Amino acid sequence: MKNRLVWLQGVTCNGNSHSFLNLPTLSSFLQTFEILYHPLLPSLLTLEQLPDANPDILVVEGGLRRGWPKADTDLFDLFMVLAQRAKRVVVVGSCAVYGGIFKEYDQEITGVLFDKEKKSKLYDQFSHKTINIPGCPANPEWIAFGLESDTMHLDDLHRPKELFAVTVHSGCTRNEYFEWKVDAKGFGLKEGCLFYEQGCQGPYTHGSCNTILWNEINSKTRSGTPCFGCTEPTFPQKDLFKTKTYMGIPAKMPLGVPKRAYLTITGVAKSFFIPRLNKRLIDED
Ligand code: SF4
Ligand code: SF4
C-alpha cells in the first residue's frame, strides 16, 4: 500500500517545494505515494480539507508560529493534529528545522524540534518519529531520501547521518587549493579555494552538497560561490564573505581539525609556491 503524504507549509518562501520539483526522478518517485495534499502538486484534498487528512507521512516546510492562519485554522494547531496522526514527520528546509531566515524578523517563529540550536517545546512529543532535512533550500535528493527511508541513523540535530555526517568541504573540487592555501580572488573563478578571501563555510558545515550534486551536476563551490552554511542552526550568519582571522590564523578551526595540526600543515604548505595551482587553467582573457 502506498504511503499517504501531506505537505504542510508554515512560514516559508516556497523554496523547498520548488527544490523538490527539480528532483530528476520526480514523476516516478511520486508514483510510490498517495498525495493527499501538496501546495503545488495534484492532490486528493483541498487546503480547506487539510484538517481532516490522515497522513502516514507529514512533511513540514517553513517555520511554525502561533496565530498564523492556515486552512481556516491556526497553523500551530493544524500541525499538532496532523503530526499526532502521522507515522513519520519529515521536516524540510532550515526554517522548518531551526526557524531559519524568518526567525531573524520574528522571534515567535520556531522549527519543529529545534529553535535555533535549542530543543523546542515539541521535541519530547515528536522527536521519536521526526527526521530533519535542513538546507536553504534542501537538496531535492535529500528530501526524497527523507521521504522514502524509515530506518535512519540520526545525528544530534536529527539529520540523517547518511547525508549529513560529511562536510560540504568533503568532495569539493577545490580541496587541493585549500591544502596548498591558494585562495580564489573572486566569485565564479575555476581556480582557488573560497575559504579565506570569500568566507566559505564548507569546512564547518554538515551536508553532502559536493557528493550528491544539485540537479546531478553542480554545487555552490563548484560554480565558484562560497558555502553559506545553510544546513546549520547558525544560519543565516552575518559577516559572510571573509573568514575571520587572528594574525592570519582562522578564528575558528575546520570541524574536527586540531589547531596544532592545522598550523603545522598550513605553515609548511604556505612556504611552497605551486605553479600549476597559482596559474589560471585557461591563461588568456
Ligand atoms: S571552497 Fe570551501 S568547501 Fe571547497 S575546499 Fe575551499 S573551503 Fe573547502
Ligand atoms: S553549499 Fe552550503 S550553503 Fe550551499 S546548499 Fe550546501 S550547505 Fe547550503
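For the structure, check the block above.
Residues numbered from 1 in each chain as written. Chains lettered and ligands numbered in written order. Predicted model: local features only at pLDDT ≥ 70, side-chain atom pairs only at ≥ 80, totals over all residues. Heavy atoms only, no water.

**Re the environment of Q125**
Next up, step 1: As for its placement among the helices and strands, Q125 is situated in helix α6 (residues 123–126).
Next up, step 2: On a C-alpha basis, the gap between Q125 and R65 in space is 17 Å, while along the polypeptide they are 60 residues apart.
Next up, step 3: Residue contacts for Q125: discarding those within four places in its chain leaves M80 and Q84. (Helix = DSSP H or I, 4+ residues; strand = E, 2+ residues; numbered from the N terminus. Contact = heavy atoms within 4.5 Å.)

**Remarks on the packing of aromatic side chains**
Next up, step 1: Tallied over the full model, the rule gives 13 aromatic pairs.
Next up, step 2: Centre to centre, the rings of W142 and F164 are 5.0 Å apart; their planes meet at 70°, and the pair counts as edge-to-face. Highlighted residues: W142 in helix α7 (residues 140–148) and F164 in helix α8 (residues 161–164), separated in sequence by 22 residues. For the residue pair W142 and F164, the accessibility class agrees, reading buried in each case.
Next up, step 3: Look at F228 and F241: their rings are 5.9 Å apart centre to centre, the planes differ by 80°, and that puts the pair in the edge-to-face class. Of the two residues, F228 sits in the loop between α10 (220–223) and β10 (245–246) while F241 sits in the loop between α10 and β10, which places them 13 residues apart along the sequence.
Next up, step 4: Above the face of the Y204 ring, K252 is positioned so that its terminal group lies 4.1 Å from the ring centre. (Phe/Tyr/Trp six-rings, centres within 6.5 Å; stacked < 30°, edge-to-face > 60°. Buried < 20%, exposed > 50% of the residue type's maximum accessible area, 1.4 Å probe, protein only. Lys NZ or Arg CZ within 6 Å of the ring centre and 35° of its normal.)

**Considerations on the site of ligand 2**
Next up, step 1: The environment of ligand 2 is made up of V168, T205, C209, W214, K220, C227, F228, G229, C230 and T231.
Next up, step 2: Residues belonging to the shell around ligand 2 are distributed by class as follows: 6 nonpolar, 3 polar and 1 charged. (Near = heavy atom within 4 Å. Nonpolar A, V, L, I, M, F, W, Y, C, P; charged D, E, K, R; others polar.)

**Digging into unusual backbone geometry**
Next up, step 1: The omega torsion of the bond from C136 to P137 falls at -5°, within 30 degrees of zero and hence cis.
Next up, step 2: Following F235, the chain continues to P236 via a peptide bond in cis, the omega torsion being 0°.
Next up, step 3: Structurally, the position occupied by P236 is in the loop between α10 and β10.

**As for the pattern of salt bridges**
Next up, step 1: Enumeration over the complete set of coordinates arrives at 10 salt bridges.
Next up, step 2: Connected through shared salt-bridge partners, R4, D56 and K87 make up one network. (Salt bridge = Lys/Arg side-chain N within 4 Å of Asp/Glu carboxyl O.)

**Some words on the pairing of strand β2 (residues 33–37)**
Next up, step 1: With 4 of 5 residues buried, β2 lies mostly within the body of the structure.
Next up, step 2: Pairing between strand β1 (residues 3–9) and β2: 4 bridges, direction parallel. Across the sheet, the residue bridging to N3 is F33, located in β2. (Pairing = 2+ DSSP bridges.)

**Regarding the site of ligand 1**
Next up, step 1: If you check the shell around ligand 1, you find H169, C172, R174, N175, F178, C193, L194, F195, C200, G202, P203 and T221 and nothing else.
Next up, step 2: Among the residues making up the shell around ligand 1, the classes are represented as 7 nonpolar, 4 polar and 1 charged.

**Some remarks on the pairing of strand β9 (residues 130–133)**
Next up, step 1: Because side chains alternate across β9, one face comprises the buried residues T130 and N132, and the other comprises I131 and I133, equally buried.
Next up, step 2: Here 4 bridges tie strand β6 (residues 88–92) to β9, and the two strands are oriented parallel to one another. Bridging across to β9, V92 finds its partner in I133.

**Some remarks on the side chain of T205**
Next up, step 1: Relative to the helices and strands, T205 resides in the loop between α9 (175–179) and α10.
Next up, step 2: In this structure the side chain of T205 is engaged in a polar contact, spanning 2.7 Å, whose partner is the backbone oxygen of Q201.
Next up, step 3: Excluding anything up to four places from it in sequence, T205 contacts V166, T167, V168, C227, G229, C230, T231, E232 and L255. (Polar contact = N/O pair within 3.5 Å; in protein donor to acceptor, adjacent residues only side chain to side chain.)

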